[in-house]
Amino acid sequence: MKIIHKISELKKITKNTNKPIGLVPTMGALHQGHASLIKKSVEDDNFTIVSIFVNPVQFGINEDFDKYPRTLEKDAKLCEELGADIVFSPSIDEMYQDTKELTLVCPPYSSINKLCGKSRPGHFDGVATVVSKLFNITKCSKAYFGEKDAQQLFIIQKMVKDLNFDITIIPCPIVREPDGLALSSRNSYLDEKARQDALKLSKALNYAKELWQKGIKNKQILCDSALKILEGTIVDYIEIVNPETFEDWEEKDKNALMLIAAKIPTTNTRLIDNMELR
Ligand code: AMP
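Let me begin by describing the structure that accompanies this report. (Residues numbered from 1 in each chain as written. Predicted model: local features only at pLDDT ≥ 70, side-chain atom pairs only at ≥ 80, totals over all residues. Heavy atoms only, no water.)

Some thoughts on the side chain of N255
Cut-off, in case you're wondering: Every helix listed is a DSSP run of H or I at least four residues long, and every strand listed is a run of E at least two residues long, numbered separately from the N terminus. Counting of polar contacts relies on pairs of N or O atoms within 3.5 Å, with two restrictions inside protein: one atom must be capable of donating a hydrogen and the other of accepting it, and residues adjacent in sequence are counted only when both atoms are side-chain atoms. By definition, residues are in contact when any of their heavy atoms lie within 4.5 Å.
Looking at the element boundaries, N255 is found in the loop between strand 7 (234–241) and strand 8 (256–264). A polar atom in the side chain of N255 sits 3.4 Å from the side chain of E244. With sequence-adjacent residues up to four places away left out, N255 is seen in contact with V241, N242, P243, E244, W249 and E276.

Here it is as structure tokens:
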């Protein structure tokens, strides 16, 4: 496995591969959630490229860009063990000549005026832009994304359709700790007390799912019940959407997806999680 930092070098290698290219875009600090995406691409018999790039364009000014964990050596070891072919880890200068004078890919307002897009203005412009660049740089035919970032996955799928990228998006299920906590690179910010609070996200989702299975399909009751479990965290949003459209869930909709974002107060860590109610 090679670690590549330059776009030109990556292009030289990908030109000569006869396998389809599978891309796993990440920001590094890899965990078993990322590993599941990499494994899937390797199983699909792709020439697998794992990109590791903490993308400044998707972070707001008061967010954790500077303190985001960077563990390239350890990440590369895991990628190699999993059978990836390339780790692509460009510098900011390699990816952007000037982040202030940048052509952006902007998802439609209706997809970003809610959930994470609402609380993180500009975030999904940054995501759609860097993912488009990675698609063009790697010339991948498949790209693997986690359902953990459900709104991101929805936006990327729409972007691929709208902009005619000839790429298949492969959604991968959320990987959790045995107690339910969704794996996240940001979990490394949590001490034991904060981890207990973080656990409330998956507990709240599971509780709402239990109520759903008992026949309670009232959005207000479901959200309020989940909200009680989230006490002690600072809830950014708790919503139920139709996962096909990401519009507010209505009783006529077949499927329902509950999404939560909350800050864990002692460490100021913002976490997200989601679960299908069925
Ligand atoms: P990130 O490094 O946080 O940008 O995530 C890179 C990719 O890994 C995204 O497609 C995420 O949705 C996915 N991912 C992150 N955490 C998990 C998880 N717990 N389970 C499955 N996929 C995940």
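Text resumes after the structure shown.
Describing the site of the ligand
This is how the line gets drawn: Nearness here has a simple test: a residue counts as near a molecule or strand if at least one of its heavy atoms is within 4 Å of that partner. Surface accessibility in these figures is a Shrake-Rupley result with a 1.4 Å probe; residues are shielded only by whichever protein chains are displayed.
Taken together, 17 residues lie near the ligand, and H34, G146, D149, V175 and L183 sit nearest. Contact between the ligand and G146: an oxygen atom at 2.9 Å from a main-chain N or O atom of the residue. Within the backbone of L183, an N or O atom sits 2.9 Å from a nitrogen atom of the ligand. Relative to its unbound accessible area of 480 Å², the ligand is 92% covered by the protein chains. Going through the elements one at a time, strand 2 (21–26), helix 2 (32–43) and strand 5 (142–146) are the ones with two or more residues in the shell around the ligand. Broken down by element, the shell around the ligand gets its largest block of residues, three residues, from helix 2.

Side note on the pairing of strand 8
Just so we agree on the cut-off: Note on classification: 1.4 Å probe, protein chains only; a residue is buried when its accessible area is under 20% of the maximum for its type, exposed when over 50%, partly exposed between these limits. Strands are labelled as partners when DSSP assigns at least two bridges between them.
A large share of strand 8 lies buried, amounting to eight of its nine residues. Sheet analysis places strand 7 next to strand 8, joined by seven bridges and oriented antiparallel. Considered in strand 8, the bridge of V235 is made with A262. The pairing of strand 8 with strand 9 (residues 269–277) spans nine bridges and is antiparallel. The partner of A256 across the bridge, within strand 9, is L277. Linking two consecutive strands that pair antiparallel, namely strand 8 and strand 9, is a turn of four residues; a positive phi of about 55° is found at N268 within it.

Some points on helix 1 (residues 7–15)
What counts is decided by this rule: The arc in question is traced by the directions running from the helix axis to the C-beta atoms.
Every buried residue belonging to helix 1 is among I7, L10 and T14, and all of these are buried. Buried residues along helix 1 cover an arc of 60° about the axis, so they all sit on one side. Residues of helix 1 that are exposed and point more than 90 degrees away from the buried face comprise K12 and K15.

Section: the layout of surface pockets
Stated precisely, the cut-off is as follows: Every definition here rests on a 1 Å grid over the protein atoms only: cavities are sets of points where a 1.4 Å probe fits but cannot get out, pockets are open sets enclosed by protein on both sides within 12 Å along at least five of seven lines, and lining residues have some atom within 4 Å of a point. Grid points are joined across faces, edges and corners, and a volume is the space filled by probe spheres set on the points.
Considering only enclosed or pocket space, the second largest pocket measures out at about 490 Å³ in volume. When residues of the lining of the second largest pocket are traced back to their parent elements, those giving at least two are helix 8 (150–162) and strand 9. For the lining of the second largest pocket, the element with the highest residue contribution is helix 8, accounting for seven residues.

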